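What follows is the residue order along each chain.
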Amino acid sequence: MSRIAKYPVTLPEKVEVNIAASELTVKGPLGTLKAAIARGVVVKKDGNTITFAAADDSKSANALSGTTRANVANMVNGVKNGFEKRLSLVGVGYRAQAQGNKLNLSLGFSHPIVHALPDGVKAKTPTQTEILIKGVDRQRVGQVAAEVRAYKPPEPYKGKGVRYSDEKVVLKETKKK
């Protein structure tokens, strides 16, 4: 049995889970998330805990049971607390501005970049050089943060670019004459 799937997921207050034939729905104060249940995984709800097990002894079912457990735990945490990623812009003239479901970026190119945010993900800009991406779905929040970072990743000589706020950029030494 998967080591991760051994641990049940406990449901906090105000979080409801509905298990259908091949779909699991998690409702909470921040929103609703749905996920498909893989074929080789058995999901059971007992009171306020959810347990996961492999349907057979195959390696894939064993691995999928742990993955499903981790995904459901993230869903429960997401509808209860939410997820956020912080990005910081380092460079002269680098600015960000959130407008509705769009993120306007000025990253030193000859044109501004307008990044459309998917449903369920919101961006805030506390300052012009900080971006705060929030949402209920952990995968979507991380994907949007990675897409924004990919416009101008930090370069290794001066460290200019878009980086995660907790990211440490190792600077290279410049060439000596």
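Residues numbered from 1 in each chain as written. Predicted model: local features only at pLDDT ≥ 70, side-chain atom pairs only at ≥ 80, totals over all residues. Heavy atoms only, no water.

### Observations concerning helix α2 (residues 138–151)
Side chains three or four residues apart in an α-helix point the same way, a direct result of the helix having 3.6 residues per turn.
Item 1. An ideal rise of 1.5 Å per residue puts 20 Å on 14 residues; α2 measures up with 21 Å between its terminal C-alpha atoms.
Item 2. Here the buried face of α2 lies against β7 (83–90), β9 (102–106), β10 (113–116), β11 (121–124), β12 (130–135) and β13 (161–164).
Item 3. The opening residue of α2 is Asp-137, an N-cap whose side-chain oxygen sits 3.3 Å from the backbone nitrogen of Gln-139. (Helix = DSSP H or I, 4+ residues; strand = E, 2+ residues; numbered from the N terminus. Expected span 1.5 Å × (residues − 1). Contact = heavy atoms within 4.5 Å. Polar contact = N/O pair within 3.5 Å; in protein donor to acceptor, adjacent residues only side chain to side chain.)

### Brief notes about the environment of Phe-52
Item 1. Residue placement: Phe-52 occurs in strand β6 (residues 49–54).
Item 2. Spatially, the C-alpha atom of Phe-52 lies 37 Å from that of Lys-124, the residues being 72 residues apart in sequence.

### Remarks on the packing of aromatic side chains
Item 1. Applying the stated criterion to the full structure yields zero aromatic pairs.
Item 2. Directly above the aromatic system of Tyr-164 lies the positively charged group of Lys-85, at a separation of 5.4 Å from the ring centroid. (Phe/Tyr/Trp six-rings, centres within 6.5 Å; stacked < 30°, edge-to-face > 60°. Lys NZ or Arg CZ within 6 Å of the ring centre and 35° of its normal.)

### Thoughts on the pattern of salt bridges
Opposite charge on two side chains lets them pair, provided their charged atoms get close.
Item 1. All told, the structure shown has four salt bridges when counted by the stated rule.
Item 2. Where Arg-86 meets Glu-84, a salt bridge forms, and the shortest distance between an N and an O atom there is 3.9 Å.
Item 3. Judged by its relative accessible area of 35%, Arg-86 is partly exposed.
Item 4. Note that Glu-173 is salt-bridged to Lys-176, the shortest N-O span being 3.5 Å. Each of the two residues, Glu-173 as well as Lys-176, counts as exposed.
Item 5. Where salt bridges share partners, they join Glu-84, Arg-86 and Glu-130 into one cluster. (Salt bridge = Lys/Arg side-chain N within 4 Å of Asp/Glu carboxyl O. Buried < 20%, exposed > 50% of the residue type's maximum accessible area, 1.4 Å probe, protein only.)

### Let's talk about the pairing of strand β2 (residues 16–19)
Item 1. Note that β2 and strand β3 (residues 23–28) share four bridges and pair antiparallel. Its bridge partner being in β3, Ile-19 is matched across the sheet by Leu-24.
Item 2. Between β2 and β3, which pair antiparallel and follow one another directly, the connecting turn spans three residues. (Pairing = 2+ DSSP bridges.)

### Regarding the side chain of His-115
Item 1. Tracing the backbone through its elements, the reader meets His-115 in strand β10.
Item 2. Only 3.4 Å separates the side chain of His-115 from the side chain of Glu-147, close enough to count as a polar contact.
Item 3. Other than its neighbours up to four places away in sequence, His-115 contacts Asn-101, Lys-102, Leu-103, Val-144, Glu-147, Val-148 and Tyr-151.

### Quick notes on unusual backbone geometry
Item 1. A positive phi angle, near 65°, is found at Lys-14, a position not held by glycine.
Item 2. Along the chain, Lys-14 falls in the loop between β1 (9–10) and β2.
Item 3. Judged by relative accessible area, which is 68%, Lys-14 ranks as exposed.

### Looking at the environment of Arg-149
Item 1. For Arg-149, the location among the structural elements is in helix α2.
Item 2. For the pair Arg-149 and Val-162, spaced 13 residues apart in the sequence, the C-alpha separation amounts to 5.1 Å.
Item 3. Once residues lying within four places of it in the same chain are set aside, the contact partners of Arg-149 are Pro-154, Val-162, Arg-163, Tyr-164 and Glu-167.

### A few points about the side chain of Ser-65
Item 1. Within the secondary structure layout, Ser-65 lies in helix α1 (residues 59–80).
Item 2. When its relative accessible area of 0% is taken as the criterion, Ser-65 is described as buried.
Item 3. Polar side-chain contacts of Ser-65 include one of 2.7 Å to the backbone oxygen of Asn-62.
Item 4. Beyond its immediate chain neighbours, meaning those up to four positions away, Ser-65 contacts Ser-2, Ala-5, Val-41, Phe-52, Ala-53 and Ala-54.

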